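Chain by chain, the residues run as shown.
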Amino acid sequence: VQLQASGGGPVQAGESLMLSCEVSGGEIILLHMNWYRQAPGKQRELVAHITRSRRTEYGASVKGRFTISRDNTKNTVYLQMNSLKPEDTAVYYCAAGRFPRPRGPEYWGLGTQVTVSS
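Residues numbered from 1 in each chain as written. Predicted model: local features only at pLDDT ≥ 70, side-chain atom pairs only at ≥ 80, totals over all residues. Heavy atoms only, no water.

With respect to the helices and strands, Val23 occurs in strand E3 (residues 17-24). Between the alpha carbons of Val23 and Val77 there is a distance of 8.1 Å; along the sequence they are 54 residues apart. (Helix = DSSP H or I, 4+ residues; strand = E, 2+ residues; numbered from the N terminus.)

Quick look at the structure:
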């Protein structure tokens, strides 16, 4: 399974950004999907999780601002990020697994940088 994340970039605080993650080499309908992020000097943290049945889970710092969704017809998962804050600056990673949380994902993509300036 290969995961290709895109959509990152520089934005101003308060603006929105949508990340996309395209899945190839596997059936997305069989996968539980995740977005993680890692900021400089910090540990990687869960941003959002969506199961095969579309149940969602969010990290506390993004709840109410970010929305994860999936389009199985396009083999793609999305992360809509609204009301961005400078502390959202990080490399965002798409990850996938055959099992839902709390099991960790098995497949990881390369990250996409999101930089939020004040």
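Moving on: the nonpolar core. Here is a general trend for soluble globular proteins: nonpolar side chains tend to be buried in one another's company. Within the largest apolar cluster, 29 residues are counted, with the highest numbers of intra-cluster contacts made by Met33, Trp35, Leu79, Met81 and Tyr92. With residues up to four places along the chain from it excluded, the contact list for Met81 reads Glu15, Ser16, Leu17, Leu19, Arg65, Phe66, Tyr92 and Val114. (Core = buried A, V, L, I, M, F, W, Y, C linked by side-chain atoms within 4.5 Å. Buried < 20%, exposed > 50% of the residue type's maximum accessible area, 1.4 Å probe, protein only. Contact = heavy atoms within 4.5 Å.)

Applying the stated criterion across every chain, the model contains one disulfide. One disulfide in the model links Cys21 with Cys94; its S-S distance is 2.0 Å. One disulfide, between Cys21 and Cys94, carries an S-S torsion of -80 degrees and so falls in the left-handed class. Linking Cys21 in strand E3 with Cys94 in strand E9 (residues 90-97), this pair joins segments that are 73 residues apart in sequence. Residue class for Cys21 comes out buried when judged on its relative accessible area of 0%. (Disulfide = S-S within 2.5 Å.)

By themselves, these figures tell us nothing about what the structure is for.
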